[in-house]
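# Residue-level structure breakdown
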Amino acid sequence: MSNKRVFIAGHNGMVGSAIARALTAQGGVELIARGRQELNLISQADVTAFFESANIDEVYLAAAKVGGIHANNTYPAQFIYENLMIEANIINAAHVAGVQKLLFLGSSCIYPKMAEQPMSEQALLTGVLEPTNEPYAIAKIAGIKLCESYNREYGRDYRSVMPTNLYGQNDNFHPDNSHVIPALMRRIHEAKVNNAKEVVVWGSGKPMREFLHVDDMAAASVFVMGLNDTTYQAHTQPMLSHINVGTGEDCAIRELAETLQKVIGYKGKLTFDASKPDGTPRKLMDVNRLKALGWQYEIKLEQGLAATYEWFMANQGNYRK
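Residues numbered from 1 in each chain as written. Predicted model: local features only at pLDDT ≥ 70, side-chain atom pairs only at ≥ 80, totals over all residues. Heavy atoms only, no water.

Here we come to the side chain of Thr 247. Tracing the sequence through the fold places Thr 247 in the loop between β10 (243–245) and β11 (251–252). From its side chain, Thr 247 meets the backbone oxygen of Glu 249 in a polar contact 2.9 Å long. Non-local contacts of Thr 247, meaning those with residues more than four positions away in its chain, are made with Glu 210, Phe 211, Leu 212, Val 287 and Tyr 297. (Helix = DSSP H or I, 4+ residues; strand = E, 2+ residues; numbered from the N terminus. Polar contact = N/O pair within 3.5 Å; in protein donor to acceptor, adjacent residues only side chain to side chain. Contact = heavy atoms within 4.5 Å.)

Structure follows, in structure tokens:
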């Protein structure tokens, strides 16, 4: 029996590369990947031609234009346009080429700014979105609805998973554009290397955040893709089909910073600058739907941070002194 031909859109990113590792470990799969120079996902003609010739069996749609608050605020048109085009091109081309199974990866920002905590799948489209990333969120919501619409009209099996805050190998450690874990990890590491007496952390340290290691996200993605139709449909609805992926647990930013300090071995002081914005007080995912389907996360935060720091040290040579 020949291996399944699986296309991972966004295979070089943090999540896409983790899915590639998970599928390789599982075996029975021939991974199909195309870099940006080989395939322009924003071009409908290019994506259609690729699917016509590549004979794909399954798709993991992990490609997206992503960024932090600053990037989302500065380039809202790029964020909504590029993400809409990527997902529309891939989902439609997959359908036209007869691909029956696809998994779309979204984001927890799809939920309303004032959503009740923890945020359940039912909160989708019940309120106003966070203004700073509304264009990105709208694109991700459209991706969910594209999958559901092709399922309803054409009988496809296109599923969606919504991850919480992810971290791990292949994260972005840029000093200005990275998310909280890689940003703090780099700053505390550099403070250690330079024997700095303190590290200033933005905000009061009180906001609560949930973090999931990217290898757990990849495992959950493969798990959801592999569910039989009967089990999947018993726990979802045709027009409310997406599945939250997270730990169902959160911690204060202060606790996160202190754990990073321990993992890195920094002996200086952490100072919290309460004059800087805290953001939303809490963002926690309700993961009961995924638990009921039979999956739970495995990598505890300190363990995951230690593994991520080890990777950072081995792969970010420019930061080592």
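Back to the text.
With that settled, consider unusual backbone geometry. Following Gln 117, the chain continues into Pro 118 via a peptide bond in cis, with omega recorded as -10°. Here Pro 118 is to be found in the loop between β4 (101–105) and α5 (134–154). Despite not being glycine, Asn 170 shows a phi value in the positive range, around 70°. Topologically, Asn 170 is positioned in the loop between β6 (165–167) and α6 (180–193). Of note, Asn 195 is a non-glycine position whose phi angle comes to about 55°, a positive value. With respect to the helices and strands, the residue Asn 195 is situated in the loop between α6 and β7 (198–202). Among the residues examined, Asn 195 registers a relative accessible area of 68% and is labelled exposed. (Buried < 20%, exposed > 50% of the residue type's maximum accessible area, 1.4 Å probe, protein only.)

On to the side chain of Glu 121, then. Inspection of the secondary structure assignment puts Glu 121 in the loop between β4 and α5. For the buried residue Glu 121, which engages in no salt bridge, the nearest side chain bearing the opposite charge is Arg 289, 4.3 Å off. In this structure Glu 121 touches Tyr 111, Leu 240, His 242, Ile 243, Asn 244, Asp 286 and Arg 289, once residues within four positions along its chain are discounted. (Lys, Arg positive; Asp, Glu negative; His and termini not counted. Salt bridge = Lys/Arg side-chain N within 4 Å of Asp/Glu carboxyl O.)

Glancing now at the pattern of salt bridges. In this structure the tally under the stated criterion is 12 salt bridges. Across the pair Asp 157 and Lys 101 runs a salt bridge whose closest N-O atoms are separated by 3.1 Å. Of this pair, Asp 157 sits in strand β5 (residues 157–163) while Lys 101 sits in strand β4, placing them 56 residues apart in sequence. Summarising the burial analysis for this pair, Asp 157 and Lys 101 share the class buried. The salt bridge involving Asp 157 is made with Arg 159; its shortest N-O contact spans 2.8 Å. With respect to burial, Asp 157 and Arg 159 carry one shared label: buried. Salt bridges linked by common partners bring Lys 101, Asp 157, Arg 159 and Asp 229 together as one network.

Below, the discussion takes up the packing of α6 against helix α11 (residues 301–315). It is the contact of α6 with α11, at a shortest axis distance of 11 Å, that shows an interaxial angle of 65°. Of the two possible hands of crossing, α6 and α11 adopt the one that is right-handed. Here α6 contributes Ile 181, Met 185, Arg 186, His 189 and Lys 192 to the contact with α11, which in turn contributes Leu 305, Thr 308, Tyr 309, Phe 312 and Met 313. (Axes fitted to C-alpha atoms, helices over the stretch in contact; angles between N-to-C directions. Left-handed = near helix turned anticlockwise from the far one by under 90°.)

Counting 41 residues, the largest nonpolar core has Phe 7, Phe 51, Ile 56, Val 59, Ile 90 and Leu 102 as the members making the most contacts within it. Looking at this core, the elements that each hand over two or more residues are β1 (4–9), α2 (44–54), β3 (58–61), α4 (76–96), β4, α5 and β5. Filtering out sequence-adjacent residues up to four positions away, Val 59 remains in contact with Phe 7, Phe 51, Ile 90, Ala 94, Val 99, Lys 101, Leu 102, Leu 103 and Met 225. Within the second largest apolar cluster, 30 residues are counted, among which are Val 6, Val 224, Met 225 and Val 245. (Core = buried A, V, L, I, M, F, W, Y, C linked by side-chain atoms within 4.5 Å.)

A few words on the state of the cysteines. All told, the structure shown has 0 disulfides when counted by the stated rule. Its sulfur unpaired, Cys 147 is 16 Å from the next cysteine sulfur, which belongs to Cys 109. With a relative accessible area of 0%, Cys 147 lands in the buried category. Its sulfur unpaired, Cys 251 is 20 Å from the next cysteine sulfur, which belongs to Cys 109. (Disulfide = S-S within 2.5 Å.)

So, on to the sheet that holds β11. The sheet built from 3 strands is open, its strands ordered β11-β8-β13 with mixed pairing. At either end of the open sheet lies a strand with only one pairing partner, and these are β11 and β13 (282–283). Bridging between strand β8 (residues 208–209) and β13 involves 2 bridges; their strand directions are parallel. By the bridge assignment for β13, Arg 209 is matched with Lys 283. (Pairing = 2+ DSSP bridges.)

So, about α5. In a regular helix each residue adds 1.5 Å, so 21 residues correspond to 30 Å; α5 covers 30 Å between its end C-alpha atoms and thus fits that length. Buried residues of α5: Pro 135, Tyr 136, Ala 137, Ala 139, Lys 140, Ile 141, Gly 143, Ile 144, Cys 147, Glu 148 and Tyr 150, and no others. Each element contacted by the buried residues of α5 is listed here: α3 (69–74), α4, β4 and β5. Two residues or fewer past α5, Gly 155 is found with a positive phi of approximately 75°. (Expected span 1.5 Å × (residues − 1).)

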